[in-house]
Amino acid sequence: MSGPRAAGEVVERPEQGEAPLHALTEDPRYIGASHERPSARRLVQGQGVYVDDIELPRLCHVVFWRSPVAHCRILGIRAEDARRMPGVVMVADGRDIATVCKPWVATLAHLAGMKSAPQYPLAIERACWQGEPVVAVVAETREQAEDALQKVEVDYEMLEPVVDMETALDAATPLIHPELGDNLCFARHLDTGGVDEAFARADAVVETEFQFGRHTGVTLEPRSQLADWNAAEQRLTVYHSFQAPHMMQDLYARQFDLPESAVRVVCKDVGGSFGIKVHAYPDDFATVALSMLCRRPVKFVADRIESFTSDIHARHHRVKARLAASRDGEILAFEIDDLTGIGPYSVFPRTSAIEGNQVVNLVGGPYRHRHYRADLKVVFQNKTPTCQYRGVGHPIACAVTEGLVDLAARKLGMDPLEFRLRNVIPDDAYPATGASGIQLEVLSHEACLRRIAQMMDYRALRAEQAALRQRGIHRGIGFATLIELTNPSAAFYGVGGARIASQDGATLRLDPAGGVAVMVSVGEQGQGNEGIYRQIAADAVGVDLEQVRVITGDTDVTPYGGGTWASRGAGIGGEAVLLAGQALRANILKLAALILKREASGLAVRRGQVIDAATQEGLLPFAELGRVAYYRSDTLPGDFTPELMVTRHYAQRDYPFIFTNGVQASYVEVDPDTGFVRLLKHWAVEDCGRVINPRLVDEQIRGAIVQGIGGALLEECLYDEQGLMRNATLADYLVPMSAEMPDIVVGHVQTPTRSSQLGAKGAGEAGTAGAPAAVMNAINDALAPLGAQVGSQPITPEKILRALGRVP
């Protein structure tokens, strides 16, 4: 068993028919091995280039006056004193910005009936949440802008806010946008049929309510951008801390009526994203507009306090759920009623309804039941807008599903691991369709459950738990079986009209000295994409790893693509790199055949040179081949042109999504006197298809688990009855710290997808998806002998003591 800091042990499943590495590359050395990411040394030596490091001539800085209340009518803005402050270049309000930037409405056509109101970069008549930008102050320095901001006076009339999502649709509740008719953004009803009959014949029915507190991403680098409008060239360049540069290129072009070719988006080093940086924000558009109006570069860097009320939130759900089972342990049906509160607007362009829609799709996902009913309501509130954040609905769906599964196992007197093994979709039953209609290509629940039981020595752990209970020590073991959607097709956004690419591209170029340059449309935010692209390219072309250079994050340089989201970097971007690498290798062999006057079929590539395929004798180093191609093409046949730069694109089209799966287990100790939870150990078995770099995958999973634990135990954006966030500082908003985290042991089962040659699925979000459920179930397992249960996350000591009846 691998230790907590080692790369996870891999269990292969060759019966699934995955392509061997030698079928993908002639000399496989790097795919499947742990190698250092190329940016690691540069970043730890302080050589990273983030947005705030970029300085341009005549650079200005912008800060925003943000609404201090949840809902108000703007009566007047007095900014004369601010305009007279030293260094001030411009003070602009919503009407000023609206002269150059159009409003937007964030809906998707395939989410039938979804609605939202038009939104502007700066509020014009009303501000609808605490933190909505209203006035922009641009000055020569950030300090001057902050000083001038203190001189801005905004007169406003308080309006009644919609704060409680439970009453958002009541007749007595005011409408945030009267023109929409109600406060309902989106509703969905799914019913497979047979649900009532399944519950009627069930021997065991469990029912409970789950609550999930809204929280946010807290990236190391705050949201930031630098917009540079070149009036002479009529060209916009935006340096961005972002995940999807081509998406923003398209949005800037459309919102500002520019040709797409006149917009360049550059993402250099990005200090974490987690989905927080894949949305278009009002202050983002406002910064671009200000650069146009000022005809100067303008930089915006959010500070920590404003980030808490301007970055998107997520996960605010109340789910009433029940499960029906037979006495022999067969799950018969699930039913859920999900109410989720978003902000006053749906977030552009991915919308705020996707998270709830995902919950409906994913509840019950690992299991083979056929009966399922779900109701979803997504309601507007006067709070910070919510949208996609790492895992997008998965942690809610997994916690609901796995919480019910544990309750059912307990009611039937069955071991929770055995109960899961009886009900998961068998490993030999794929392809399969889940009860919600999701299409599942190939998963490995049974193999993962057996693997985790072995890793944690499950029976011995249960014996230890029983012995400690006799001594009054309350420990619990919790499981979470999970699925994660990755490698999305156009079914995610394209079908709804959102101009978000489902394909990605890679360009590979053999340089004259024999090195390989790789330009990829998927960027790097710290997860290691550049590292795996280097490994794939090195194997595909046949060069040493050190000979490969990766370039990402520049719409003027890289091929067009969707960017980083939905765990698609390896499965989509990696496949594009592989295809381009194979094509470049083929072109190298064609050229070598002419130079050597041999048949290409008798040649191969190995470690930076062309060799005789039969004898393995070295014949032509890449550097010599490059010299001939670039500098002595006169020696080649007149009808032949060397093509040593190739571009390939890849889009996954076989399924709407390629699902991964896994299982997590948590071991905790609960103090019934204080309600404190001690995390003792955490295990995860993940099947993300072919593992390209085990160390990177393991650390992705560990980091995601820590983030999931944060949501389960610590993180929540707390609001008062007036819609004001009460803990909008890092002194009050709790995030997980390293000393509080357990050792996390990671193992793998590999079931490559057949939708690509590489066989890679995603791995970036599964840890976040399963950790809250596993921790919650472990806490409830510890509390079970005491007759208590908690279903509200974050699970705080106060909630545990309340469940135990020790506090009112």
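The model shown is predicted, which means the values in this text are computed figures rather than measured ones.

How each quantity is defined
Residues numbered from 1 in each chain as written. Predicted model: local features only at pLDDT ≥ 70, side-chain atom pairs only at ≥ 80, totals over all residues. Heavy atoms only, no water. Helix = DSSP H or I, 4+ residues; strand = E, 2+ residues; numbered from the N terminus. Buried < 20%, exposed > 50% of the residue type's maximum accessible area, 1.4 Å probe, protein only. Pairing = 2+ DSSP bridges. Axes fitted to C-alpha atoms, helices over the stretch in contact; angles between N-to-C directions. Contact = heavy atoms within 4.5 Å. Parallel < 35°, antiparallel > 145°, perpendicular 65-115°, else oblique. Left-handed = near helix turned anticlockwise from the far one by under 90°. Nonpolar A, V, L, I, M, F, W, Y, C, P; charged D, E, K, R; others polar. Salt bridge = Lys/Arg side-chain N within 4 Å of Asp/Glu carboxyl O. Expected span 1.5 Å × (residues − 1). pLDDT = per-residue confidence, 0-100.

A word on unusual backbone geometry
Of note, the amide linkage connecting Tyr430 to Pro431 takes the cis form, showing an omega dihedral of 5°. The step from Gln793 to Pro794 runs through a cis peptide bond, and the omega angle for that step is 5°. Assignment of secondary structure puts Pro794 in the loop between β32 (792–793) and α20 (797–803). The backbone of Arg58 sits at a positive phi, close to 65°, despite the residue not being glycine. With respect to the secondary-structure elements, Arg58 resides in the loop between α2 (40–44) and β2 (60–66). Phi angles above zero are rare outside glycine, and Val392 is one such case at about 30°. Inspection of the secondary structure puts Val392 in the loop between β18 (371–379) and α11 (394–412). Here Val392 falls in the buried class, since its relative accessible area comes to 11%.

Thoughts on the sheet that holds strand β23 (residues 516–520)
The strand order across the open sheet formed by four strands is β24-β23-β22-β28, and the pairing between neighbours is mixed. Looking at the sheet topology across the chains shown, the edges are occupied by β24 (548–552) and β28 (645–650). Averaged over all adjacent pairs, the angle separating strand axes in this sheet is 20°, with direction ignored. Where β23 meets β24, five bridges bridge the pair, whose relative direction is parallel. Its bridge partner lying in β24, Ala517 is registered against Arg549. Docked against the sheet, helix α16 (residues 569–596) engages β22 (504–510), β23 and β28, running at close to 145° with respect to β28.

With respect to the sheet that holds strand β25 (residues 603–606)
Strands sit in the order β25-β26-β27 across an open sheet of three strands; the sheet is antiparallel. Looking at which strands have only one partner, the edges of the open sheet turn out to be β25 and β27 (618–621). Ignoring strand direction, the axes of neighbouring strands in this sheet form an average angle of 35°. Bridging between strand β26 (residues 609–612) and β27 involves three bridges; their strand directions are antiparallel. Paired with Val610 across the two strands is Leu620, which belongs to β27. Each of β25, β26 and β27 is contacted by helix α17 (residues 622–631), which is oriented at about 50° to β27, the strand it contacts most.

Some thoughts on the packing of helix α7 (residues 245–255) against helix α8 (residues 282–294)
Orientation of α7 relative to α8, taken along the N-to-C sense of each, is 60°, at an axis distance of 12 Å. By the angle class used here, α7 and α8 are oblique. Between α7 and α8 lies a crossing of right-handed hand. Taking contact as the criterion, the partners of Met248, Leu251, Tyr252 and Gln255 in α7 are, on α8, Asp284, Phe285 and Val288. The class makeup of the residues in the contact of α7 with α8 is five nonpolar, one polar and one charged.

As for the pattern of salt bridges
For the coordinates displayed, the defined rule picks out 47 salt bridges. Of the charged contacts in the structure, one is a salt bridge between Asp283 and Arg66, with a shortest N-O distance of 2.8 Å. Here Asp283 is found in helix α8, whereas its partner Arg66 is found in strand β2, with 217 residues between them in sequence. Residue class for Arg66 comes out buried when judged on its relative accessible area of 12%. Between Asp182 and Lys115 there is a salt bridge; the shortest N-O distance is 3.0 Å. Highlighted residues: Asp182 in the loop between β7 (153–158) and β8 (184–191) and Lys115 in the loop between α4 (94–98) and β5 (126–127), separated in sequence by 67 residues.

A few points about helix α19 (residues 766–783)
Given a rise of 1.5 Å per residue, 18 residues ought to cover 26 Å, and the 26 Å separating the end C-alpha atoms of α19 matches this to within 8%. Among the 18 residues in α19, 18 count as buried, and that is most of the element.

Describing the confidence of the model for the chain
Taken over all residues, the pLDDT of the chain has a mean of 95, while the share at 70 or more is 97%. Here residues 1–7 is a poorly scored stretch, pLDDT under 50, and it has 19 contacts once near neighbours within four places are set aside; other chains count.

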